[in-house]
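# Observations on the three-dimensional arrangement
For reference, the chains in residue letters:
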Amino acid sequence: SGAAATLEASKEGLTLNAMQGSASIVASESIKLAANKGEASLSGAGVSVTSSADFSAVALGEATIRSGSDKPVTIEAGNEGGSVSIEAGLSDSGKAAGSVTIIGGEGMDKASGGGSVTVEGGSSADGEGGKLILSGGVSESGASGSVKLGTASAEGVSASGDVEIGSGATVVGASGAVKI
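Below is a summary of the structure that appears in this document.

## Some details on the overall build of the protein
- Check the secondary structure of the protein and you find zero helices and two strands.
- The C-alpha atoms of the protein give 25 Å as radius of gyration, which overshoots the globular expectation for 180 residues (16 Å, by more than 25%).
- Along the three orthogonal principal directions, the C-alpha set of the protein runs to about 75 × 45 × 45 Å.
- Considering the protein as a whole, with its 180 residues, one finds that 0% of them fall into the buried category.
- The long-range share in the protein, meaning contacts at least 24 apart out of those at least 6 apart in sequence, stands at 0%.
- Summed over its atoms, the accessible surface of the protein is roughly 17,600 Å², and 49% of this surface lies on carbon and sulfur atoms.
- Charge separation in the protein, taken as the distance between the mean sites of 10 positive and 20 negative side-chain charges, equals 8 Å.

Here you go:
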């Protein structure tokens, strides 16, 4: 109300403009934001989407989560043992199901090294730390999936990277065994 906010309707669309302060859209049941043609966007200096129940974001095309500059992208589950699952699409058409690929950042000039990928089990204050399990997929009638662990071939006169398999040190007690 007053000069601080305007609501304008025209052939091109509906605009809610809070010239000072903030604007809220509140409903006792549901709010739908949709664009039947074109794009729907939500932007600001800081944007937050919060749900007190389940939350779903669905794209029928490609979906991208990206941060700018050197800011991290964090996907985190809540307290009380929340889990994070990243799954590729299934297939029931005879084609291969989707793959999951995790790649460190690419160094774009000679002085920039490539980004590392770290996968580790969770730490624990007093209990057992989280496990790291890498395994190939199971098949009901064919061969199970392979597990490949290695370094990329070096280009030029450089050496390729090392492969190191070991168990951690301990202050009291025996270190874990390495079984191949």
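## Some points on the pairing of strand β1 (residues 5-9)
- For β1, a buried count of zero out of five residues is recorded, marking the element as mostly open to its surroundings.
- Between β1 and strand β2 (residues 14-18), which pair antiparallel one after the other, the connecting turn spans four residues, and Gly13 there sits at a positive phi close to 160 degrees.

## Some remarks on the pattern of salt bridges
- Enumeration over the complete set of coordinates arrives at two salt bridges.
- The closest approach of N and O atoms between Asp70 and Lys71, which form a salt bridge, is 3.9 Å.
- A residue is classified by how much of its surface remains accessible, and Lys71, at 55% relative accessible area, is exposed.
- Two residues, Glu128 and Lys131, come together in a salt bridge whose shortest N-O distance is 3.4 Å. Neither Glu128 nor Lys131 differs from the other in exposure class; each is exposed.

## Things to note about the environment of Glu76
- Secondary-structure assignment places Glu76 in the segment after β2.
- With a relative accessible area of 67%, Glu76 lands in the exposed category.
- Along the chain, Glu76 and Ser93 lie 17 residues apart, while their C-alpha atoms are 33 Å from each other.

## Details of a nonpolar patch on the surface
- A cluster of nonpolar side chains, Ile65, Val73, Ile75, Val84, Ile86, Val100, Ile102, Val117, Val119, Leu132, Leu134 and Val147, forms an exposed patch at the surface whose accessible area comes to about 1,200 Å².
- Tracing the chain through its elements places Ile65 in the segment after β2.
- Residue classification places Ile65 among the exposed residues on the basis of a relative accessible area of 65%.

## Section: the pairing of β2
- With five bridges connecting them, β1 and β2 associate as antiparallel partners. Residue pairing across strands places Glu8 opposite Thr15, the latter belonging to β2.

## Focus: the environment of Gly105
- Within the fold, Gly105 resides in the segment after β2.
- For Gly105, a relative accessible area of 47% translates into the label partly exposed.
- Distance in space between the C-alpha atoms of Gly105 and Glu155 is 18 Å, their sequence separation being 50 residues.
- In this structure Gly105 touches Gly114 and Gly115, once residues within four positions along its chain are discounted.

## A closer look at the environment of Gly122
- Relative to the helices and strands, Gly122 resides in the segment after β2.
- Residue class for Gly122 comes out partly exposed when judged on its relative accessible area of 44%.
- When the C-alpha positions of Gly122 and Leu132 are compared, they lie 8.8 Å apart, and in sequence the two are ten residues distant.
- Beyond its immediate stretch of four places on either side in the chain, Gly122 contacts Gly129 and Gly130.

Criteria and cut-off values
- Residues numbered from 1 in each chain as written.
- Predicted model: local features only at pLDDT ≥ 70, side-chain atom pairs only at ≥ 80, totals over all residues.
- Heavy atoms only, no water.
- Helix = DSSP H or I, 4+ residues; strand = E, 2+ residues; numbered from the N terminus.
- Rg over C-alpha atoms; globule rule 2.2 N^0.38 Å.
- Buried < 20%, exposed > 50% of the residue type's maximum accessible area, 1.4 Å probe, protein only.
- Contact = heavy atoms within 4.5 Å.
- Areas by Shrake-Rupley, 256 points an atom, 1.4 Å probe, with all protein chains shown as cover.
- Lys, Arg positive; Asp, Glu negative; His and termini not counted.
- Charge placed at Lys NZ, Arg CZ, Asp CG, Glu CD.
- Pairing = 2+ DSSP bridges.
- Salt bridge = Lys/Arg side-chain N within 4 Å of Asp/Glu carboxyl O.
- Patch = residues over 30% accessible without salt bridge, like charges linked within 9 Å, V, L, I, M, F, W, Y side chains within 5 Å.

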